[in-house]
Amino acid sequence: MAKWISRMLGSAVLPEKQADNHQINEIDLSRLPQHVAIIMDGNGRWAQKRGLPRSVGHRAGVESLRTAVKVCTNIGIKYLTVYAFSTENWKRPKEEVDTLMNLLVEYLEKEVAELNQQGVQIRAYGDLAGLPLAAQQALTRSINLTAKNNKLVLGLCLNYGGRAEIVQAVNQIAAEVKAGKIDPGSIDEEVIEKFLYTRDIPDPDLLIRPAGELRISNYLLWQLAYTEFWLTDVLWPDFREEHFLQAIVDYQKRERRFGGLL
Ligand code: IPE
Ligand code: IPE
Ligand code: MG
């Protein structure tokens, strides 16, 4: 089994660099993280280090996303949620924001057929109405086309902020209370979760943050309550299958206690 996976990963994911057999053999496929979340960070620095415009870094980052999706579908991770554009990223120069939005449309248009074939279901989490129309339309098309797939749920966090997500949940709950549909005394964690963007998926087991920052940057504030963190200085465009597999190997060595005792 491990050999078979090794062959698949080696050829399908990273033709230029074979997966390390040791890493794959070290992974216990019966204890994979069900849900991995990634903060795709470091694109700008990757480009600047090479004297290139930041847009080149963002484009290179798309390749790493492609690799991450393949690792998930190959080894059997069920949910991958990636931070692609935060509610704070609007502060960047218009030119960079435009590049990111155009790349999103290009990624969806170019990749959706293959993602669909791979059994990937595309979702988007965030204030989508705030995105440019072309991005909204490309998302709607991709989400509808892939809605029935169940091999991997790929969540794209776009115009996403953890605080904004909680605020919109509170607003919806307040409206339901006002309409007499929710008894205020019944509001508990389960009720709040029903109004989050991620309402029907499990919390992430593993969060990967490349590019060396030691912060959460307003990502999945509610959902990360007991998630294991894996941080690396590697910049997102340099993030390869071997890094992803190492994160899983390390994750499997952790003791998750959820506040209790083992
Ligand atoms: C991540 O890379 C992409 C987005 C935030 C949209 P950055 O653009 O943040 O890259 P750095 O952190 O400046 O290197
Ligand atoms: C987080 O990265 C947002 C995304 C990767 C989309 P940032 O680059 O925006 O985070 P900060 O500003 O370094 O905290
Ligand atoms: Mg950054």
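Bear in mind the structure is a predicted one, so any value in this text is a computation, not a measurement.

Cut-off values and rules
- Residues numbered from 1 in each chain as written.
- Chains lettered and ligands numbered in written order.
- Predicted model: local features only at pLDDT ≥ 70, side-chain atom pairs only at ≥ 80, totals over all residues.
- Heavy atoms only, no water.
- Buried < 20%, exposed > 50% of the residue type's maximum accessible area, 1.4 Å probe, protein only.
- Helix = DSSP H or I, 4+ residues; strand = E, 2+ residues; numbered from the N terminus.
- Pairing = 2+ DSSP bridges.
- Expected span 1.5 Å × (residues − 1).
- Bend = angle between axes of the 7 residues up to and from the residue.
- Contact = heavy atoms within 4.5 Å.
- Near = heavy atom within 4 Å.
- Polar contact = N/O pair within 3.5 Å; in protein donor to acceptor, adjacent residues only side chain to side chain.
- Areas by Shrake-Rupley, 256 points an atom, 1.4 Å probe, with all protein chains shown as cover.

A.B. asks: Pulling in residues and values, what's your account of the pairing of strand S6 (residues 228-231)?
C.D. replies: Going residue by residue along S6, you find Glu 228 and Trp 230 tucked away on one face and Phe 229 and Leu 231 left uncovered on the opposite face. Pairing analysis gives four bridges linking strand S5 (residues 206-209) to S6, with the strands arranged parallel. Bridge assignment links Leu 207 to a residue of S6, and that residue is Phe 229.

A.B. asks: So what's going on with helix H5 (residues 94-117)? Which residues, and what values?
C.D. replies: Given a rise of 1.5 Å per residue, 24 residues ought to cover 34 Å, and the 35 Å separating the end C-alpha atoms of H5 matches this to within 8%. Taking the largest bend as the criterion, H5 deviates by roughly 50 degrees, centred on Glu 111. Buried residues of H5: Glu 96, Val 97, Leu 100, Met 101, Leu 103, Leu 104, Val 105, Tyr 107, Leu 108, Glu 111, Val 112 and Leu 115, and no others. At its buried positions, H5 is contacted by helix H4 (54-75), strand S2 (79-86), strand S3 (120-125), helix H6 (133-146) and strand S4 (152-160). A positive phi of about 85 degrees marks Gly 119, the residue just after H5.

A.B. asks: Could you give me a rundown of the site of ligand 1, with the residues and numbers involved?
C.D. replies: Neighbouring ligand 1 are 13 residues; Met 40, Asp 41, Arg 45, Arg 54 and Arg 92 lie closest to it. Between Gly 44 and ligand 1, the recorded distance is 2.9 Å, taken from a backbone N or O atom to an oxygen atom. A distance of 2.9 Å is found between an oxygen atom of ligand 1 and a side-chain nitrogen or oxygen belonging to Arg 54. When ligand 1 sits alone it has 370 Å² of accessible area, and the protein chains cover 88% of it. Of all the elements in the fold, those that place two or more residues in the shell around ligand 1 are helix H3 (43-49), H4 and H5. With three residues, the single largest contributor to the shell around ligand 1 is H3.

Nothing here speaks to function; it is geometry throughout.
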